[in-house]
Structure formats: C-alpha cells, structure tokens
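Topology and contacts: notes
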Amino acid sequence: MIDLNMKKKELKELTSRFVLNNGEDDVIRTTYYGDKLREPGFAKREFYELDGWYTDETCTERRWNFKYDVFTEDTTLYAKWEVDYDDWIWRLARISSKQ
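Here we summarise the structure given alongside this text. (Residues numbered from 1 in each chain as written. Predicted model: local features only at pLDDT ≥ 70, side-chain atom pairs only at ≥ 80, totals over all residues. Heavy atoms only, no water.)

A word on the overall build of the protein. If you tally the helices and strands in the protein, you get 2 helices and 4 strands. Tracing the protein from N to C terminus, the helices and strands come up as α-β-β-β-β-α. The buried share of the protein, reckoned over its 99 residues, is 29%. Here the protein displays about 7,600 Å² of accessible surface, and carbon together with sulfur accounts for 48% of that area. (Helix = DSSP H or I, 4+ residues; strand = E, 2+ residues; numbered from the N terminus. Buried < 20%, exposed > 50% of the residue type's maximum accessible area, 1.4 Å probe, protein only. Areas by Shrake-Rupley, 256 points an atom, 1.4 Å probe, with all protein chains shown as cover.)

In structure tokens, the structure reads:
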C-alpha cells in the first residue's frame, strides 16, 4: 500500500504567492511540485470584479489556468481587476433614491 502522505513529503515543496492588488497583504500558500490549486475565493475589491490571475505584474502576458496549470517552481500570481459598472450603477441608484 502506498502512503500518500509520505510521497508528498518527498516531493519538492514550493511557495505560491497571490498578490491581491487590492491593498491587502499577499497570501502565501505552500504547494508541491506538480500540484494544482483551486482558484482562490479570498480576493475581493469593492466596485471591481476579479478578471483572473496572471504570472506577470502588469496582468497582460499569461493568465494562470487553475484547471490545467501545475506548479513547477515558486510562483507569484497577480490579481487583475476590472471595474464592475453594474455595482457602481446599483449603488448610485440606491444613493439617489434616498435623497
């Protein structure tokens, strides 16, 4: 019988850093060579929608695919945000209706 916990310990331990780009501290997770992670649900930013995680700081080159990409080295992923116009309009309408 294979001890899966033992195999994990034998694998190379890696660090994955999530740069939220929303004023909050980065989130750091430990992973192992060849692992996939679920897309993190902790990224929030008022009036914005998360548009994906990218391997470059400008969020223009390579979008990380959580379904297929695996970690092979220490990796930093950067959150890309897009303005949520629906949220802005909804909030402005609520403010206007109170006046």
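Let us now look at the packing of aromatic side chains. Tallied over the entire structure, the rule returns 4 aromatic pairs. Here Phe18 and Trp53 contribute two aromatic rings whose centre-to-centre distance is 5.2 Å and whose plane-to-plane angle is 85°, an arrangement assigned as edge-to-face. Of the two residues, Phe18 is situated in strand β1 (residues 13-19) and Trp53 in strand β3 (residues 48-54); the sequence distance between them amounts to 35 residues. Judged on exposure class, the residue Phe18 and its partner Trp53 are both buried. Connected via pairs of aromatic rings, a cluster forms that spans Phe18, Phe42 and Trp53. (Phe/Tyr/Trp six-rings, centres within 6.5 Å; stacked < 30°, edge-to-face > 60°.)

What follows is about the pattern of salt bridges. The tally for this structure, following the rule as stated, stands at 4 salt bridges. Ionic pairing is found between Arg17 and Asp26, a salt bridge with its closest N-O pair at 3.4 Å. In this structure, Asp51 engages Lys80 in a salt bridge whose closest nitrogen and oxygen atoms are separated by 3.8 Å. Remark: Lys80 occurs in strand β4 (residues 75-83) and Asp51 occurs in strand β3; sequence separation between them is 29 residues. (Salt bridge = Lys/Arg side-chain N within 4 Å of Asp/Glu carboxyl O.)

Further remarks concern the nonpolar core. Core analysis: the largest hydrophobic core is formed by 12 residues, namely Leu14, Phe18, Leu20, Leu37, Ala43, Trp53, Trp64, Phe66, Phe71, Leu77, Ala79 and Trp81. Put simply, the parts of the chain that give this core at least two residues each are β1 and β4. Sort the elements by how many residues they give to this core and β4 lands first, with 3 residues. Residues contacting Phe18, with those up to four places away along its chain left out, are Asp26, Val27, Arg29, Leu37, Pro40, Phe42, Trp53, Phe66 and Leu77. (Core = buried A, V, L, I, M, F, W, Y, C linked by side-chain atoms within 4.5 Å. Contact = heavy atoms within 4.5 Å.)

What follows is about the sheet that holds strand β2 (residues 27-32). Here we have 4 strands laid out as an open sheet, ordered β2-β1-β4-β3, and mixed in their pairing. Both edges of this open sheet fall to β2 and β3, since each of them pairs with a single strand only. Looking at each pair of strands side by side, their axes are set apart by 25° on average, direction ignored. For β1 and β4, the ladder comprises 4 bridges, and the chain directions are parallel. Bridging across to β4, Ser16 finds its partner in Thr75. (Pairing = 2+ DSSP bridges. Axes fitted to C-alpha atoms, helices over the stretch in contact; angles between N-to-C directions.)

Everything listed is a geometric property; what it means functionally is a separate question.
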